[in-house]
Amino acid sequence: MTLSAPGPARNLPQYGALFAVLLANWLLFPDFFAIRLQDGRLFGSLIDVLNRGAPVALLAIGMTMVIATRGVDLSVGAVMAISGAIAATMTGAGWSLPAVLAASLAAGLLCGLWNGLLVAVLRIQPIIATLILMVAGRGIAQLVTEGQIVTFTSPALAFIGSGSFLTVPMPVVLTIVVLAVTALLVRATALGLMIEAVGINRLSSAGAGVNTPVVLVAVYVWCGLCAAVAGLIVTADIRGADANNAGLWLELDAILAVVVGGTSLLGGRFGLVLSVVGALIIQSMNTGILLSGFKPEFNLIVKAGVLLVVLLLQSPTLTLFLPRPKGARPIGTVKPPVAPTSGGAKP
Amino acid sequence: MTGALQRFLPLIVTTAVLVVGFLICATQFPNFASWRVVANLLTDNAFLGITAVGMTFVILSGGIDLSVGAVIGFTTVLLAVLIEHGGWHPVPAFAVALIAAGGFGAAMGGVIHVFQMPPFIVTLAGMFIARGLGFVLTTDSVPINHPLYGELNDMALRFDFGLKLSLPALLMLGVVVAAVVLAHWTRFGANLYALGGNRQSAELMGVPVGRTTVAVYGLSGLLAGLAGIVFSLYTGAGYSLAATGVELDTITAVVIGGTQLTGGYGYVVGTFVGVLIQGLIQTYITFDGTLSSWWTKIAIGVLLFVFILLQKGLLVVWAGRGGEPAEA
Amino acid sequence: MTASTAPPSASSSGPLLAIRGLSKAFLGVQALDGVDFTLRHGEIHALLGENGAGKSTLIKTLTGVYLRDGGTVALEGREIAPRGVEEAQRLHIGTVYQEVNLLPNLSVAENLFLGRQPMRWGLVDRGAMRRRARAVLQPYGLSIDVTAPLGRFSVATQQIVAIARAVDMSAKVLILDEPTASLDAQEVAVLFKVMRTLRSRGIGIVFVTHFLDQVYEVCDSITVLRNGRLVGERRTADLPRLDLVAMMLGRELEAAAHRIDLGPAEVDSRPPLASFKGFGKSRSVEPFDLDIRPGEVVALAGLLGSGRTETVRLVFGMDRADRGEATVDGQAVRLKGPRDAVRLGFGFCPEDRKKEGIVGELSVRENIILALQARQGWLKPIPRHRQEEIADRFIRLLDIRTPDAERPIQLLSGGNQQKALLARWLATEPRLLILDEPTRGIDVGAHAEIIRLIERLCADGMALLVVSSELEEIVAYSRRVVVLRDRRHVAELRGGEVSVERIVAAIASETPNAIASETPVTAGSGAEVRQ
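Residues numbered from 1 in each chain as written. Chains lettered and ligands numbered in written order. Predicted model: local features only at pLDDT ≥ 70, side-chain atom pairs only at ≥ 80, totals over all residues.

Chemist: Describe unusual backbone geometry, naming the residues involved and giving the relevant values.
Modeler: Positive phi, normally seen in glycine, also occurs at glutamine 116 of chain B, with a value near 50 degrees. Here glutamine 116 of chain B is to be found in the loop between α6 (90-115) and α7 (119-137). (Helix = DSSP H or I, 4+ residues; strand = E, 2+ residues; numbered from the N terminus.)

Chemist: Which residues make up the packing of helix α2 (residues 45-68) of chain A against helix α11 (residues 250-260) of chain A, and what are the values?
Modeler: All names here are of chain A. At their nearest, the axes of α2 and α11 sit 8 Å apart, and the two run at 65 degrees to each other. It follows that α2 is roughly perpendicular to α11 by the angle criterion. Handedness of the crossing formed by α2 with α11: right-handed. The residues of α11 that touch α2, namely those facing Pro55, Val56, Leu59, Ala60, Met63, Thr64 and Ile67, are Leu250, Asp253, Ala254, Ile255, Ala257 and Val258. The residue inventory of the contact of α2 with α11, partitioned by class, reads eleven nonpolar, one polar and one charged. (Axes fitted to C-alpha atoms, helices over the stretch in contact; angles between N-to-C directions. Parallel < 35°, antiparallel > 145°, perpendicular 65-115°, else oblique. Left-handed = near helix turned anticlockwise from the far one by under 90°. Contact = placed C-beta atoms within 7 Å. Nonpolar A, V, L, I, M, F, W, Y, C, P; charged D, E, K, R; others polar.)

Chemist: Account for the pairing of strand β12 (residues 229-235) of chain C, with residues named and values stated.
Modeler: Residues and elements named next belong to chain C. Across six bridges, strand β11 (residues 221-226) lies against β12 in antiparallel orientation. From the neighbouring strand, leucine 225 faces β12, where its bridge partner is leucine 230. Hairpin connection between β11 and β12: a loop of two residues separates the two successive antiparallel strands, and asparagine 227 in this loop has a positive phi of roughly 50 degrees. (Pairing = 2+ DSSP bridges.)

Chemist: I'd like a description of the sheet that holds strand β15 (residues 297-302) of chain C, backed by residues and values.
Modeler: Residue and element names in this part refer to chain C. Read across the sheet, six strands follow the order β18-β19-β20-β15-β21-β22 without closing on themselves; strand pairing throughout is mixed. The sheet is open, and its two edges are formed by β18 (346-349) and β22 (488-494), each paired on a single side. The average undirected angle you get between the axes of adjacent strands in this sheet is 15 degrees. Bridge analysis of β18 against strand β19 (residues 432-436) gives four bridges, and the strand direction is parallel. Its bridge partner being in β19, phenylalanine 348 is matched across the sheet by isoleucine 434.

Chemist: Before we move on, can you summarise helix α14 (residues 268-288) of chain B with the specific residues and values?
Modeler: All names here are of chain B. Look at α14: 30 Å from first C-alpha to last across 21 residues, which is about the 30 Å you get at 1.5 Å a residue. Counting buried positions along α14 yields 16 of 21 residues, so the element is predominantly enclosed. Just past α14, the residue glycine 289 takes up positive phi, approximately 85 degrees. (Expected span 1.5 Å × (residues − 1). Buried ≥ 20, exposed ≤ 12 C-beta atoms within 10 Å, placed from the backbone.)

Chemist: Can you break down the sheet that holds strand β14 (residues 285-292) of chain C residue by residue, with the values?
Modeler: All names here are of chain C. Spatially, β14-β13-β16-β17 is the arrangement adopted by the four strands of the open sheet, whose pairing is antiparallel. Both edges of this open sheet fall to β14 and β17 (331-333), since each of them pairs with a single strand only. Averaged over all adjacent pairs, the angle separating strand axes in this sheet is 25 degrees, with direction ignored. Here strand β16 (residues 323-328) runs beside β17; their pairing, made up of three bridges, is antiparallel. Across the sheet, threonine 327 pairs through a bridge with alanine 332, a residue of β17.

Chemist: Can you break down the interface of chain C and chain B residue by residue, with the values?
Modeler: At the interface, 22 residues of chain C touch 24 residues of chain B. Among the secondary structure elements, those contributing two or more residues to the side of chain C that touches chain B are α2 (85-90) and β8 (123-124) of chain C.

Chemist: Report on the pairing of β11 of chain C, specifying residues and quantitative values.
Modeler: As judged from the four bridges shared by strand β3 (residues 44-48) of chain C and β11 of chain C, these two strands associate in the parallel manner. In the strand pairing of β11 of chain C, leucine 48 of chain C is matched with valine 224 of chain C.

Chemist: I'd like a description of the environment of phenylalanine 26 of chain C, backed by residues and values.
Modeler: Here phenylalanine 26 of chain C shows up in strand β1 (residues 17-26). When the C-alpha atoms of phenylalanine 26 of chain C and aspartate 69 of chain C are compared, they prove to be 9.9 Å apart, with 43 residues separating the residues in sequence.

Chemist: Any details on the confidence of the model for chain C? Residues and values, ideally.
Modeler: Caution is warranted with low-pLDDT regions, since their predicted coordinates should not be read in detail. Residue and element names in this part refer to chain C. Residues with a pLDDT of 70 or more make up 87% of chain C, whose mean pLDDT is 81. Confidence scores differ between elements of chain C, with helix α15 (residues 444-459) showing the lowest mean pLDDT of 72 and helix α12 (residues 364-376) the highest of 93. Below a pLDDT of 50 lies the segment residues 512-531, which in the model reaches 44 contacts outside its immediate sequence neighbourhood of four places, other chains included. Reported for the predicted complex are a pTM of 0.80 and an ipTM of 0.81. (pLDDT = per-residue confidence, 0-100.)

Chemist: Can you explain the domain arrangement of chain C? Please cite residues and give values.
Modeler: Structurally, chain C comprises domain 1 (15-239) and domain 2 (274-345 + 430-525). The distance between the C-alpha centroids of domain 1 of chain C and domain 2 of chain C comes to 33 Å. (Domains from an automatic or database assignment.)

Chemist: Can you explain the environment of alanine 164 of chain C? Please cite residues and give values.
Modeler: All names here are of chain C. Within the secondary structure, alanine 164 sits in helix α5 (residues 155-168). For alanine 164, a count of 25 C-beta atoms within 10 Å puts it in the buried group. Along the sequence, alanine 164 and valine 194 sit 30 residues apart, while their C-alpha atoms lie 9.7 Å from each other. If we ignore the near neighbours within four places in the chain, the residues touching alanine 164 are Leu112, Val136, Leu137 and Tyr140.

Chemist: An account of the packing of α2 of chain A against helix α10 (residues 212-238) of chain A is requested, with residue identities and associated values reported.
Modeler: Residues and elements named next belong to chain A. Orientation of α2 relative to α10, taken along the N-to-C sense of each, is 175 degrees, at an axis distance of 8 Å. Taken together, the axis directions place α2 and α10 in an arrangement best described as roughly antiparallel. Between α2 and α10, the contacting residues are Ala54, Pro55, Leu58, Leu59, Ile61, Gly62, Met63, Met65 and Val66 on the first element and Val219, Tyr220, Trp222, Cys223, Cys226, Ala227, Val229, Ala230, Ile233 and Val234 on the second. Here the residues of the contact of α2 with α10 sort into 18 nonpolar, one polar and no charged.

So this is what it looks like as structure tokens:
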């Protein structure tokens, strides 16, 4: 049982790209791979890439499954802000760490449940359904922090952001744990299969008896949970919650990571590890641009370039090999392989 | 005329929300119901309104444009660099900015049509590119000190009864009027609605799909460029981080204004009202003084939810009359 | 009305539209093979045929969606070769499809004039457009609010608007592709009135339908296609119903009606596995009674569009019945969706495999275990080795031709996809398996295998409900055949009564008061073949 559904050959572009970006960084900055141990924690540019890439990687894990069902979750940035706001505020008010963590995660779960119900039960398009929380979520986060940048001093919560476990920074550890748990959840159960089936053909899946609403709600709930963990990490790292800026625009980075990781925006086969690799590719480029002395602003253009290249690579494949029922292809370009029946395809 | 009533129901509800909202404000704050407040409402939201008109057209055609905020930001930077660093006169700079913004939008429309890519992702890339280009020009906030800017800002249309409309407000009102004409009195407008209703049927009925797609994203870019000019007048500066999140505000205004996000149904006037509702909420909170700014976002989120539900309900009612077959 | 009126004048001596030797192939499959078709001025001409007959291809070649491979098409003596719907429209050929191809979100007037709006000073003259729209619709007896969105009107009204647009764009040939499929009796009457009016104005109408009563009510002539070939063209008045059905189904039936004798039917006293009473859905299929006993094959026969597919979709909960009740093992059950049916031990291989059956990018293995897994729930995954076992067993058992079980199912041929879908349900060991056109689009070899398989399943005690257009197949494996016509269950044949001739006779029989009668036909009361 593999974590990434497509065969190993299909993963090559992602790993190749990651390798190429890392190589370029090394050429520009020979110390790139240098890792040193200091105060029981690893330091170095490579570790930095992993550490800073953790929030987007976490979002990408949840987003991957949402995208696999042919959906998208625009609210993850706002959910991060909510979870961070709750954690910082509660910690400031003297709550214990377990209570704080439980409350933050529960908030993420509720947000995911809200999105999932809108999509699965009310049948609102995912982009629109999650737009509501994207707009209102940040307001809710500010409501929690009462518009302030809430800071805290609790070393217990800060440990999640800046501590380390067996010399590995906590954000990296948490990402690995979430990745492992998610992979276990979808691949050791039949959930992964059902997510892919629903994403590829919702009608067929429902006809085979798959409980499509439950599958849809489940992926949005999990995505909300992942976002809550990412929000906790960011808050713990800066020892405070900035409801205005926490997770701002990270939903777009997460979508980008998933797309770079090779999961199609049209749903279907997904690779969790590949999405994390996608997040690392993006982060390595960020770091590389920083190290090579360019303005960090170049990031955006490079990101856009990568996005376009990946999409262009996917585009002909998608239109040629994967005929979609709702395909908006020009009439008459793709002829049915057999004589059309008068009962079947209507124009 | 129950038919007309039903058709305009989203628009009527939106307008009622605005009127009731204004009345509530007026009863709570004695000096709220003044022409000055109205004029400020129009001026402060002018760039948003202009952008939202372009977004309405894109959404009516069944697409979405996430790049508008970035295009506004880029336009302000381009203007600042051309005028302050390049020593250009603002008028040719305006022309260049409009051409650049419109061309950028049209290019995205071309990519969407030719490669059959989802508009959401293409315009997302466009957003990155436009912001990135802005950053490349300059990351600083560059003040624009050309005398023409001062003159333009002092320009206003005064009415005897006390209303004073600034240039941005006038521009927005002009754009809205022109957009209504474009939507309902031109073939391009009809083609947009057709495209948003059903792309295949539209094609079968002879709508030039490719040309219309390129044109509508070009128009959205052009209007975002115009909004950028207004924004630079309003703030007197060019800054590449300007107008972040405007794409979200405009989409929200479009939905609150009664336009279906799936395309094909809606009115430009509704979007205009949607922009004013957002502005009104902000003004209310400013007047109140004790309420915090985040209530704006929450209130807008609730409005968004209510209007999406309303649309969903209306579609179900229409479908129940034998319109479209219900999908499993 | 408008300039479009083509008076049946000088040119009416020759045919309006003459198609000779039309051929069209798709990837080696001959969809049309030397077909002739003649449409005269002021004529309503039925184009009939079962699935794969080539009606669709003929129409699409006429309207420029496809380019023909061979043959000639002449309109009023002039050779034409349209390369698109627009060009066909300019050449005076207008088409109206079953699912109206207009825009429900635009107003009626905008739909009528999209792309050719009346202009004044560079702007659309909406007043003139409204006035002209009212004028265009007036001859059709439609006085509706032309500014209201089209989607607010009934399908029948939308059809008429579509016809009005086509005719107003100067159509001389009007193609109506199954326009009555979702209309009720009253709406059909209105549509027929419109068709007769147009006929009197000299317009030639090609009418595709599956309702024989309608053919005899409104058509002047009939052309029948089968398997891409022309079977024949007849005047409606000269063609008895039985001969028409025989032409469509390809049987030579000499006086088949004489052989019908209502002999005693074998009575099956076993309690039914599943029983449906007054089950039905408005605008889909009239209420029917249906009992299915363990180990028996019940076949649903009838022409395309007669309500066969609609019946089985209700039974499996793919569509929700709005009347009647269902019982399984004597217990009342609710069929809210396929999940309910799966839980009751039903399985369903749909007619449209691609859209509702296979999950294209998933492997053969995953497609096979999907229903079983769905029934077990996601928490109890079938171990990989067990999945492989199941997949391999059925690949062998059903002889599914695939290099291995990991191949995406969309890369398999239609017949092998069908067998994989069968395997999906067999893996759940269903009590009732529903097959909708199980042999459609499948090559001859696979065809025979699937029939053998059906026989074997039945012998194993599974109940089968099969929809098929292949009457010989039905006769070969079923002991009970329910015959449908015009969305009604009209007859049930049992045991020795089951024969191709009897089925054809039942399909062709005329029902008195076909429209008025609302009473469900009791299928349990023995054979009812009315002649």
